[in-house]
Amino acid sequence: MSDAKFSEILCYISEAQSLIKIGSIELQWVDPQMGRQTISGICSNCSQKNIWENIKLFANDYIYCSHCGQKYDIPCPPQLRENLEKNVAILLKKYGKVALWGMTLTIMNLFRRSRMLRDSNVFPVDISESKRKMDLYGKKIYAPAILDEEEIRVVVVAVPSHAAQISCQAKENHPKVMKIIDICRLVDFNPVRY
């Protein structure tokens, strides 16, 4: 199978998993420091309102309708997506280039919806060779070596559950990296000082 065909299949699978959407998503509460949120929404299967409490931000996990059991990817409410984009813009202005390390389905869906994340100075990074073969809505996914090649000084850890591992790899293997930031901090309503 060619790399292009393999990439096409991977994109199809990732998009197919996120086709079933929750209606009327509302952010009820968020704690960026703890990486938690409470959201509500309408089940697209049974039309019942649900409240999902204290769920992890950017988790590669699922939530379920409490009435019918319909399974959903954990959504990123619009307000949090807007905050993320504003904070990425601040990072780009200060550092010139930003790497987002960890391409989960949740993060790849953010790239699909975000003009800011598709900026030419935002570099998606992953250690998975199969993910690096994917076309991320017109962007290439890079190996961590891009941090040195492009002299990227700030890394956003896009997989909070792997923050310690990714931080260690970035610090030990890429000496030009000055800042490592958990993606959960980028959804804060107050612009973060970097």
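Each remark here, short or long, concerns the structure printed above.
It should be emphasised that the depicted structure is a prediction, and the values quoted were computed from it without experimental measurement.

1. Remarks on the nonpolar core
- With 42 residues, the main nonpolar core has Phe58, Leu100 and Ile107 as its most contacted residues.
- Sorting the residues of this core by element identifies β1 (23–31), β3 (49–56), α2 (78–95), β6 (98–101), α3 (105–113) and β10 (154–157) as the ones contributing at least two each.
- Take this core: its biggest share by element is six residues, from α2.
- Counting residues in each nonpolar core, the second largest holds 14 residues, with Trp101, Val155, Ile166 and Val177 among its members.

2. Observations regarding the pattern of salt bridges
- For the coordinates displayed, the defined rule picks out two salt bridges.
- The salt bridge partner of Glu150 is Lys97, with a shortest N-O separation of 2.7 Å. Taken as a pair, Glu150 in the loop between α5 (146–149) and β10 and Lys97 in the loop between α2 and β6 lie far apart in primary sequence, 53 residues in all.
- You can call Lys97 partly exposed: its relative accessible area is 23%.
- For Lys176, the salt bridge is made with Glu151, and the minimal N-O distance between the two is 3.3 Å. Of the two residues, Lys176 sits in the loop between α6 (163–173) and β11 (179–182) while Glu151 sits in the loop between α5 and β10, which places them 25 residues apart along the sequence.

3. Re the packing of aromatic side chains
- A full pass over the atoms with the stated rule returns two aromatic pairs.
- Measuring from centroid to centroid gives 6.5 Å for Trp52 and Tyr72, while their planes differ by 70°, and the two rings are edge-to-face. Separated by 20 residues along the polypeptide, Trp52 in strand β3 and Tyr72 in strand β5 (residues 71–73) bring together distant segments of the chain.
- For Tyr72, a relative accessible area of 1% corresponds to the buried category.

4. Some points on α6
- Here α6 has its buried residues at Ala163, Ile166, Ser167 and Ala170. Axial view of α6: buried residues confined to an arc of 100°, hence all on one face. Every exposed residue of α6 that faces more than 90 degrees away from the buried side is listed here: Ala164 and Glu172.
- The elements touched by buried residues of α6 are β6, β10 and β11.

5. Here's the deal with the environment of Glu172
- Note that Glu172 resides in helix α6.
- Linking Glu172 and Glu149, residues 23 residues apart in sequence, is a C-alpha distance of 16 Å.

6. A few points about the sheet that holds β10
- The strand order across the open sheet built from four strands is β7-β6-β10-β11, with neighbouring strands paired in parallel fashion. Either end of the sheet is taken by a strand with one partner, and the two such strands are β7 (122–125) and β11. Across the sheet, the mean angle from the axis of one strand to that of its neighbour is 25°, orientation sign disregarded.
- In terms of strand pairing, β6 meets β7 through four bridges, oriented parallel. Bridge pairing in β7 places Leu100 opposite Pro124.

7. Quick look at the sheet that holds β1
- Taken in spatial order, the three strands line up as β1-β2-β3 in an open sheet, and their pairing is antiparallel. Each of the sheet's edge strands pairs with one partner strand only, and the pair in question is β1 and β3. With direction set aside, neighbouring strand axes in the sheet form an average angle of 15°.
- Bridge analysis of β1 against strand β2 (residues 36–42) gives six bridges, and the strand direction is antiparallel. Paired with Asp31 across the two strands is Arg36, which belongs to β2.

8. Focus: the side chain of Ser114
- Relative to the helices and strands, Ser114 resides in the loop between α3 and β7.
- Within polar-contact distance, the side chain of Ser114 engages the backbone nitrogen of Met116 at 3.3 Å.

Calculation criteria
- Residues numbered from 1 in each chain as written.
- Predicted model: local features only at pLDDT ≥ 70, side-chain atom pairs only at ≥ 80, totals over all residues.
- Heavy atoms only, no water.
- Core = buried A, V, L, I, M, F, W, Y, C linked by side-chain atoms within 4.5 Å.
- Buried < 20%, exposed > 50% of the residue type's maximum accessible area, 1.4 Å probe, protein only.
- Helix = DSSP H or I, 4+ residues; strand = E, 2+ residues; numbered from the N terminus.
- Salt bridge = Lys/Arg side-chain N within 4 Å of Asp/Glu carboxyl O.
- Phe/Tyr/Trp six-rings, centres within 6.5 Å; stacked < 30°, edge-to-face > 60°.
- Arc of directions from axis to C-beta.
- Contact = heavy atoms within 4.5 Å.
- Pairing = 2+ DSSP bridges.
- Axes fitted to C-alpha atoms, helices over the stretch in contact; angles between N-to-C directions.
- Polar contact = N/O pair within 3.5 Å; in protein donor to acceptor, adjacent residues only side chain to side chain.

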